[in-house]
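# Structural description and commentary
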Amino acid sequence: MGNKLIVGNWKMNGTLADNATLLAGLLNGLAADHPARVAVCAPAVYLQQLQSLLQGTPVAWGAQDVSSHERGAYTGEVSAAMLRDLACRYVIVGHSERRQYHGESDELVATKAQRALACGVTPIVCVGETLAQREAGQTDMVVKRQLASVIHTVGHCTSELVVAYEPVWAIGTGQTATPEMAQAVHAVLRAQIAAATSNSARVAILYGGSMNAANAAALLAQPDIDGGLIGGASLKAPDFLSIVGAAGAVH
Ligand code: 13P
């Protein structure tokens, strides 16, 4: 695996003014030689702002969701081709908040990943277990089922994916998986990807769930943790920059 990949997921936050301030803080604070890859995923309405403020900078941008349809009469949806039009490098698919609040199935998530790949946008496929599933000893089974659906659908393009392990109980709760707990699941995912593609070393597996300036270094030091998907801490430039710094330090 090459440089660590640190992705901010702003979720449903931001204004034109706040985004401009946050991005200026990020761009000013990034060391010229920072060795991590960095991206931010914003609400769709702000993607054009990201394109205009981030083009030509080391920070890539992406969306938080994409339609499973190609085009046409799907009111309110945003297609993968539209994301490509705004030069998005990434799109998050299957975030637990979409699985939970919008009833997204493994099959729907897989179709979204396929749509993104077909347009040259890298899907960041999120998988993760609930607390009840972890306590029932189902963690490996759940994450493998979620990822298997995507691998089955995208086939030989599996090597183009980014995968994010986000335990649902750790998202926005301040409760982080220990580095050992996260590493154990990442190793399971790594093995599953390796069984599907000879190019598995290309696939970054990110950890997400209350990652912050204080715990990032220990998580990112794990052999199969290739980066982070950061929610709350991505909304404050100094916090996000500390995580990027930690990613550079363990490279
Ligand atoms: P938090 O970092 O706020 O826990 O969110 C994680 C997440 O869901 C990123 O996609």
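Within every chain, residues take consecutive numbers counted from 1 along the sequence as written. Only residues with pLDDT of at least 70 get local features here, since the model is predicted, and only at 80 or more are side-chain atom pairs given and counted; chain-wide, interface and lining totals rely on the full set of residues. Remark: hydrogens and water are excluded; side-chain values derive from all non-hydrogen atoms of the structure.

### Observations concerning the site of the ligand
- Taken together, N9, K11, H95, E166, A170, I171, G172, G209, S210, L229, G231 and G232 form the complete shell of residues around the ligand.
- Whenever a nitrogen or oxygen atom comes within 3.5 Å of another N or O atom, the pair is scored as a polar contact, on the condition that within protein one atom can donate a hydrogen and the other can accept it, and that pairs from neighbouring residues in sequence are kept only if both atoms are in side chains. Residue E166 places a side-chain N or O atom 2.9 Å away from an oxygen atom belonging to the ligand.
- A distance of 2.7 Å separates an oxygen atom of the ligand from a polar atom in the backbone of S210.
- In this description, accessible areas are obtained by the Shrake-Rupley approach with a 1.4 Å probe, and a residue is regarded as covered only by the protein chains that are shown. Coverage of the ligand by the protein chains reaches 95% of its 310 Å² of free accessible surface. We call a residue near a molecule or strand as soon as one heavy atom of that residue lies within 4 Å of the molecule or strand.

### Some points on the pattern of salt bridges
- We define a salt bridge as a contact between a side-chain nitrogen of Lys or Arg and a carboxyl oxygen of Asp or Glu at a distance within 4 Å. Enumeration over the complete set of coordinates arrives at 13 salt bridges.
- When the shortest N-O distance is used, the salt bridge between E97 and K11 registers 2.8 Å. Taken as a pair, E97 in helix α4 (residues 96-101) and K11 in the loop between β1 (5-9) and α1 (16-29) lie far apart in primary sequence, 86 residues in all.
- D226 is paired through a salt bridge with R190; the nearest N and O atoms lie 2.7 Å apart. Within this pair, whereas D226 is found in the loop between α9 (216-220) and β8 (227-230), its partner R190 is found in helix α8 (residues 179-196), the two being separated by 36 residues in sequence.
- Taken together, the shared-partner salt bridges connect D65, R98, E104 and K112 into one network. By the criteria applied, helices consist of DSSP H or I runs no shorter than four residues and strands consist of E runs no shorter than two, each listed in order from the N terminus.

### Here we look at the state of the cysteines
- Sulfur atoms of two cysteines make up a disulfide when they are within 2.5 Å. Scanning the entire structure with this criterion turns up zero disulfides.
- Sulfur of C41: no disulfide; nearest cysteine sulfur belongs to C88 and is 8.0 Å away.
- Cysteine C157 shares no disulfide, and the gap to the nearest cysteine sulfur, in C119, comes to 12 Å.

### Here we look at the environment of L23
- Mapped onto the fold, L23 is located in helix α1.
- We call a residue buried when its accessible area falls under 20% of the maximum for its residue type, exposed when it is over 50%, and partly exposed in between, using a 1.4 Å probe and counting protein chains only. Accessibility expressed as a relative area gives 2% for L23, which makes it buried.
- C-alpha of L23 to C-alpha of A218: the two residues are 195 residues apart in sequence and 26 Å apart in space.
- Setting aside residues up to four positions removed in sequence, L23 forms contacts with W10, V40, L50, L53 and L54. Residue contacts are defined here by distance: any two heavy atoms, one from each residue, within 4.5 Å place the two residues in contact.

### What about unusual backbone geometry?
- Within the chain, K11 stands out as a residue other than glycine whose phi angle is a positive 55 degrees.
- The phi dihedral of S210 falls on the positive side, at around 55 degrees, and the residue is not glycine.
- By the element assignment, S210 lies in the loop between β7 (205-208) and α9.

### Some words on the sheet that holds β1
- Two strands pair if DSSP finds at least two bridges between them. In space, the eight strands of this closed barrel follow the order β1-β2-β3-β4-β5-β6-β7-β8, with parallel pairing throughout. Here the average twist between neighbouring strands, direction ignored, is 25 degrees.
- With four bridges joining them, strand β2 (residues 37-41) and strand β3 (residues 59-63) adopt parallel strand pairing. By the bridge assignment, V40 is partnered in β3 with W61.
- Fitted lines through C-alpha atoms serve as axes, helices being fitted only where they are in contact, and the angles separating the N-to-C directions of these axes extend from 0 to 180 degrees. The sheet contacts of helix α2 (residues 47-54) involve β2 and β3, and relative to β3 the element is tilted by about 170 degrees.
- Running over the sheet, α8 touches β5 (122-127), β6 (162-165) and β7 and is turned about 150 degrees from β7.

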